[in-house]
Amino acid sequence: MYGVLLLLAADFGFSSGVRTLDIGAPAADFVASSCADCHEAEYAGWRASRHRASLTNRIFVAGFAAESEARCVRCHAPLPEQFAEVMAANRDLTKLPAAALGHEGVTCATCHVRDGEAHGNDALKSDALCGSCHEFAFHEKKRGRLVLTDTPIQSTYSQWLEYGATGRTDSCISCHMNGGHDIRGAHDVELLRRSLDVRIDRERMWLASRGVGHRFPTGDVFRHLTVEVRVGDEWIEIARIGRRYAPAENRDGTYSMRLVEDTSLAPDVPRSIEIPAGATEYRIHYRYDEDGSEAVLVVRAGLP
Ligand code: HEC
Ligand code: HEC
Ligand code: HEC
Ligand code: HEC
Ligand code: HEC
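Residues numbered from 1 in each chain as written. Chains lettered and ligands numbered in written order. Predicted model: local features only at pLDDT ≥ 70, side-chain atom pairs only at ≥ 80, totals over all residues. Heavy atoms only, no water.

1. Section: the coordination of the iron atom of ligand 3
Looking at the iron atom of ligand 3, one finds its protein donor set to be His51 (NE2) and His134 (NE2), positioned 2.0 to 2.1 Å from the metal centre. In this structure, the iron atom of ligand 3 is surrounded by six donor atoms whose angles at the metal cover 87 to 180°, and the resulting shape is octahedral. Highlighted residues: histidine 51 in the loop between α3 (40-47) and α4 (58-66) and histidine 134 in the loop between α8 (127-131) and β1 (135-142), separated in sequence by 83 residues. What makes histidine 51 partly exposed here is its relative accessible area of 26%. (Donors = N, O, S within 2.8 Å, 3.2 Å for Na, K, Ca; no water. Tetrahedral: all angles 85-135°; square planar, octahedral: opposite > 155°, others 65-115°. Helix = DSSP H or I, 4+ residues; strand = E, 2+ residues; numbered from the N terminus. Buried < 20%, exposed > 50% of the residue type's maximum accessible area, 1.4 Å probe, protein only.)

2. Some remarks on the coordination of the iron atom of ligand 2
Within the protein, His112 (NE2) and His181 (NE2) serve as the donor atoms for the iron atom of ligand 2, at 2.0 Å. Around the iron atom of ligand 2 sit six donor atoms, and with donor-metal-donor angles ranging over 87 to 179° the site reads as octahedral. In this pair, histidine 112 is assigned in helix α7 (residues 108-112) and histidine 181 in the loop between α10 (172-176) and α11 (189-194), connecting sequence segments 69 residues apart.

3. Brief notes about the packing of aromatic side chains
In this structure the tally under the stated criterion is five aromatic pairs. Taken together, a centroid distance of 6.1 Å and an interplanar angle of 35° make the contact between tyrosine 43 and tryptophan 46 tilted. Taken together, the residues tyrosine 43 and tryptophan 46, both in helix α3 and three residues apart, mark about one turn of the helix. Given the relative accessible area of 7%, tryptophan 46 is considered buried. For the pair phenylalanine 138 and tyrosine 245, a centre-to-centre distance of 5.1 Å together with 70° between the ring planes defines the contact as edge-to-face. (Phe/Tyr/Trp six-rings, centres within 6.5 Å; stacked < 30°, edge-to-face > 60°.)

4. Structural notes on helix α6 (residues 80-88)
The set of residues buried in α6 consists of Gln82, Phe83 and Val86. On an axial view of α6, the arc spanned by its buried residues comes to 100°, and they lie on one face. Of the surrounding elements, those touching the buried residues of α6 are α4 and α5 (70-76). Where α6 terminates, the next one or two residues include asparagine 90, which has phi positive at roughly 55°. (Arc of directions from axis to C-beta. Contact = heavy atoms within 4.5 Å.)

5. Quick notes on the environment of glutamate 81
Among the secondary structure elements, glutamate 81 is positioned in helix α6. For the pair formed by glutamate 81 and leucine 21, sequence separation is 60 residues and the distance between their alpha carbons is 9.8 Å. Those residues in contact with glutamate 81 that sit more than four places away from it in its chain are Ala25, Pro26, Ala27 and Leu101.

6. Quick look at the site of ligand 3
Around ligand 3, 22 residues are found, and the nearest of them are Arg50, His51, Cys130, Cys133 and His134. Interatomic distance of 2.8 Å between a side-chain N/O atom of histidine 51 and a nitrogen atom of ligand 3. For ligand 3, an oxygen atom lies 2.9 Å from a polar atom in the backbone of alanine 186. Elements with a minimum of two residues in the shell around ligand 3: α5, α8 and α10. Considering only residue class, the shell around ligand 3 consists of 11 nonpolar, nine polar and two charged. Each of domain 1 (2-133) and domain 2 (185-302) accounts for three or more of the residues forming the shell around ligand 3. (Near = heavy atom within 4 Å. Polar contact = N/O pair within 3.5 Å; in protein donor to acceptor, adjacent residues only side chain to side chain. Nonpolar A, V, L, I, M, F, W, Y, C, P; charged D, E, K, R; others polar. Domains from an automatic or database assignment.)

7. What about the environment of threonine 156?
Of note, threonine 156 is situated in helix α9 (residues 156-165). Look past the residues within four positions of threonine 156 in its chain and what remains in contact with it is His134, Glu135, His214, Thr218 and Gly219. Engagement of the side chain of threonine 156 in a polar contact is seen with the backbone nitrogen of glycine 219, the distance being 3.4 Å.

8. Topic: the confidence of the model for the protein
Averaged over every residue, the pLDDT of the protein is 90; residues scoring 70 or more account for 93%. Counting contacts from residues 1-9, a segment whose pLDDT is below 50, to residues more than four positions away or on other chains yields 11 contacts. (pLDDT = per-residue confidence, 0-100.)

Printed below as a string of structure tokens:
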């Protein structure tokens, strides 16, 4: 709740996908390549980042094909020109022209240009800027209109406020922009490996996150970790670490998504998992359910 109040106080023009973003100038005046001459390092970092591909990466393209809602575009590529391109391509992202601004996803202007000015507002370089996209609620259709519900679908910002409330001072920016604009996260397998601490004895395993300023996993709902052990010839899943939502009936007979389980790892709180008798090996996967892909974090390490 606290997080939501703070977010409302910091208005950067993002609207949880309700509207496109007004930067006070045509986007064509501020394309990323126009900044490159003077800001070479920022440009190179951003080019390599997931933000640059937030509308056109494989996982988003698959997700959007299954659920082609206008609001998705207004967050993954918030500029009005980007939105118009997607509509002109009949919401088929594979049909975006090569020169489309949509290929810039969350671009320089999205974070830095307001009122037609490229370098003005210091508040734009704050954690609240990150929070204004990395925290939002489910939408529902009510009598034909799109409304925001009170169920968060992503709550990275309030998770980080909780982390800060225990006295820690690391910020989105200090952790994620240490190396500049190549902001990394759930697609950097080495980072994921470093972020997971596994301790194990004969009967139990303890999983904890390491150096993460929010829950692990956070962000997109389709991500989770699975822990599997081998008993004889069979691999058995013994834990699922992440969030699960399910539709629940409202009093008026309509349905809303509700959080039914959250087993994601809170900072510094190890989760204890019982190991079944006879287990000889274990492995841990990080899964991206949208397209069924997965990354192996720990493989076939022997059990003590
Ligand atoms: C002709 C060179 C030039 C171009 C092109 C240029 N900038 Fe800059 N920019 C500068 C200089 C010089 C500074 C440092 C002085 C200042 O703050 O104005 C700066 C500073 C900045 C800052 C930091 C301001 C602060 O408060 O510390 C940001 C953010 C920025 N530029 C973004 C952009 C973006 C985004 C673009 C492309 C749309 C861009 N710039 C294009 C020269 C340029
Ligand atoms: C997701 C939001 C986001 C995007 C996209 C983004 N920036 Fe930034 N940028 C920031 C933040 C936040 C900071 C402040 C970082 C800090 O304080 O360490 C920053 C800092 C800067 C600075 C000032 C660096 C300094 O030393 O103070 C420049 C210049 C800049 N960005 C240019 C760009 C350019 C050019 C692009 C596109 C190629 C871009 N940014 C894309 C968020 C963004
Ligand atoms: C305009 C909305 C917006 C803003 C502002 C924004 N992000 Fe993002 N961010 C996104 C979207 C959309 C993605 C998903 C990209 C994708 O599809 O993989 C993302 C992805 C990420 C990821 C995951 C990268 C990965 O490899 O999985 C991290 C970490 C991240 N953002 C951090 C930040 C930080 C730190 C800031 C503030 C400096 C910030 N974001 C500002 C929209 C935003
Ligand atoms: C103490 C350092 C730290 C702070 C503070 C922090 N992060 Fe992270 N973040 C990480 C690490 C490490 C990962 C990689 C492990 C993981 O995926 O959780 C990560 C992952 C992510 C991801 C990838 C998605 C996922 O499922 O984990 C996103 C998005 C993200 N951070 C956004 C943010 C935003 C937004 C903030 C501020 C509100 C923030 N982070 C603050 C360290 C930090
Ligand atoms: C309020 C802004 C917002 C809206 C609306 C939104 N997203 Fe996202 N989405 C994000 C952010 C921020 C992330 C990054 C979280 C992370 O990396 O963990 C993200 C991540 C994703 C990812 C994961 C991408 C990856 O690289 O793993 C998919 C897929 C996705 N969104 C699809 C959608 C679809 C489909 C819709 C519309 C039904 C939608 N999003 C609506 C902000 C939004």
